[in-house]
Amino acid sequence: IGGVAIASMKELSFTYLALASAMLSNVSSAARGVLSKKTMSGKQIGENLDAQNLYAVLTAMSTVILIPLMLAVEGTAFIPAAKALIDTGAFTAKSLSTLLALGGASYYAYNEVAFLALGKVNPVTHAVGNTIKRVVIIVASVIAFKTPMSTGSIIGSSVAIFGTLLYSLAMNASKK
């Protein structure tokens, strides 16, 4: 958390709500991984409930919970936003729908592969792999988008990544 705070301090668009949301997302993701691993590596809880099916069930449950929440918070503001985007001429209704569907399908596939990996390895090994993935994503994004990073951002990102790696290694050492 300290590394994220250091990296975010000088951001022009920084808000405490965004930081709290990001931290809640991180905690929720970690809890999902741990609880899912416990579910996968225990007694039988249902017929054919393997990693793929567990992820599908979690995704369906999340959808049922989040669609009403999204409608309550955002309302139907996404409809005029989509129409405005189409009106700019950058997209047709079909191309925008196709891109949204492909984005959703690829994200689902990415997470399902992560769940399959979680089903095969120790959660700590999975966490270390996620740490390495984050480093690669950050470096690739900085290079591809030519994003300038301030010294604070570099230090903060390094602290966050290194802290996650140390935690993962410490958890692995404590299990031996």
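So, a few notes on the structure that sits alongside this text.

For the protein, the helix and strand inventory stands at seven helices and zero strands. N-terminal to C-terminal, the α/β element order of the protein is α-α-α-α-α-α-α. In the protein, buried positions account for 14% of the 176 residues. In the protein, the share of contacts with a sequence separation of at least 24, taken over all contacts with a separation of at least 6, comes to 65%. In the structure as shown, the protein presents an accessible area of about 12600 Å², 71% of it carried by carbon and sulfur atoms.

What follows concerns helix 3 (residues 51–74). Its 24 residues place the ends of helix 3 32 Å apart at the C-alpha level, agreeing with the 34 Å of an ideal helix rising 1.5 Å per residue. A bend of about 25° at Leu66 is the largest found in helix 3, and the proline Pro68 appears one to four places after it. All of the buried residues in helix 3 are Ala51, Leu54 and Tyr55. Following helix 3 by one or two positions, Gly75 adopts a phi angle in the positive range, close to 70°.

Here the focus is the packing of helix 3 against helix 5 (residues 93–120). For the pair helix 3 and helix 5, interaxial distance at closest approach is 9 Å and the crossing angle is 135°. When the axes of helix 3 and helix 5 are compared, the pair comes out oblique. Of the two possible hands of crossing, helix 3 and helix 5 adopt the one that is right-handed. Where helix 3 approaches helix 5, its residues Ala51, Gln52, Leu54, Tyr55, Ala56, Leu58 and Thr59 are matched on the opposing element by Tyr108, Asn111, Glu112, Phe115 and Leu116. Considering only residue class, the contact of helix 3 with helix 5 consists of eight nonpolar, three polar and one charged.

Moving on, we get to the packing of aromatic side chains. Inspection of every chain in the model, using the stated rule, returns two aromatic pairs. Geometrically, the ring pair formed by Tyr55 and Tyr108 is tilted, given 4.9 Å between the ring centres and 45° between the ring planes. Of this pair, Tyr55 sits in helix 3 while Tyr108 sits in helix 5, and the two are 53 residues apart along the sequence. Here Tyr55 falls in the buried class, since its relative accessible area comes to 7%. Note on Tyr107 and Tyr110: the rings are 6.0 Å apart at their centroids and 40° apart in plane angle, and the pair reads as tilted. Highlighted residues: Tyr107 and Tyr110, both in helix 5, separated by three residues, approximately one helical turn. Taking relative accessible area as the criterion, Tyr110 reaches 38% and is therefore assigned partly exposed.

Rules of the game
- Residues numbered from 1 in each chain as written.
- Predicted model: local features only at pLDDT ≥ 70, side-chain atom pairs only at ≥ 80, totals over all residues.
- Heavy atoms only, no water.
- Helix = DSSP H or I, 4+ residues; strand = E, 2+ residues; numbered from the N terminus.
- Buried < 20%, exposed > 50% of the residue type's maximum accessible area, 1.4 Å probe, protein only.
- Contact = heavy atoms within 4.5 Å.
- Areas by Shrake-Rupley, 256 points an atom, 1.4 Å probe, with all protein chains shown as cover.
- Expected span 1.5 Å × (residues − 1).
- Bend = angle between axes of the 7 residues up to and from the residue.
- Axes fitted to C-alpha atoms, helices over the stretch in contact; angles between N-to-C directions.
- Parallel < 35°, antiparallel > 145°, perpendicular 65-115°, else oblique.
- Left-handed = near helix turned anticlockwise from the far one by under 90°.
- Nonpolar A, V, L, I, M, F, W, Y, C, P; charged D, E, K, R; others polar.
- Phe/Tyr/Trp six-rings, centres within 6.5 Å; stacked < 30°, edge-to-face > 60°.

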